[in-house]
Amino acid sequence: MLGWKDEDEAKPVVAILATPTFSILYLWLFWDRNRQELWGKLASTLVVSD
């Protein structure tokens, strides 16, 4: 498809691209004002601590 000879050549490229992408989604929690991850924003949920 993209000129890869086999999947062993594509795996490192996918790992290099996927790691920062998914890391940003989880680290979003630390710089969000409401301390919500993307999933919490999509579900419109909010954690309330007593």
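Placed above this text is the structure.
Residues numbered from 1 in each chain as written. Predicted model: local features only at pLDDT ≥ 70, side-chain atom pairs only at ≥ 80, totals over all residues. Heavy atoms only, no water.

A.B. asks: Can you help me understand the side chain of Gln36 in this one?
C.D. replies: With respect to the helices and strands, the residue Gln36 is situated in the loop between helix H1 (7-31) and helix H2 (38-43). Classification of Gln36 by relative accessible area gives buried; the value is 11%. From its side chain, Gln36 meets the backbone oxygen of Thr45 in a polar contact 2.3 Å long. (Helix = DSSP H or I, 4+ residues; strand = E, 2+ residues; numbered from the N terminus. Buried < 20%, exposed > 50% of the residue type's maximum accessible area, 1.4 Å probe, protein only. Polar contact = N/O pair within 3.5 Å; in protein donor to acceptor, adjacent residues only side chain to side chain.)

A.B. asks: Hey, could you run me through a nonpolar patch on the surface in this one?
C.D. replies: Taken together, the side chains of Phe22, Tyr26, Trp39 and Leu42 make up a nonpolar region of the molecular surface, amounting to roughly 480 Å² of accessible area. For the nonpolar patch, the elements supplying multiple residues, two or more each, are H1 and H2. Within the secondary structure, Trp39 sits in helix H2. With a relative accessible area of 38%, Trp39 lands in the partly exposed category. (Patch = residues over 30% accessible without salt bridge, like charges linked within 9 Å, V, L, I, M, F, W, Y side chains within 5 Å. Areas by Shrake-Rupley, 256 points an atom, 1.4 Å probe, with all protein chains shown as cover. Salt bridge = Lys/Arg side-chain N within 4 Å of Asp/Glu carboxyl O.)

A.B. asks: Mind showing me how you'd approach H1 here?
C.D. replies: Every α-helix winds through 3.6 residues per turn, so residues three or four apart in the chain are directed the same way. End to end, H1 covers 36 Å across 25 residues, agreeing with the expected 36 Å (1.5 Å per residue, within 8%). A maximum bend of about 35° is found in H1 at Leu25. (Expected span 1.5 Å × (residues − 1). Bend = angle between axes of the 7 residues up to and from the residue.)

A.B. asks: It is not clear to me how the side chain of Asp32 should be interpreted in this structure. Could you clarify?
C.D. replies: As for its position among the elements, Asp32 is in the loop between H1 and H2. There is a polar contact of 3.0 Å between the side chain of Asp32 and the backbone nitrogen of Gln36.

A.B. asks: Is there a simple way to think about unusual backbone geometry in this case?
C.D. replies: Leaving glycine out, the prevailing phi sign among residues is negative, and the prevailing peptide bond configuration is trans. Positive phi is not limited to glycine here, since Arg35 has a value of about 55°. Following the sequence through the fold, Arg35 ends up in the loop between H1 and H2. Phi at Ser44 takes a positive value of approximately 55°, unusual for a residue other than glycine. Accessibility expressed as a relative area gives 67% for Ser44, which makes it exposed.

These values are about where atoms sit, not about what they do.
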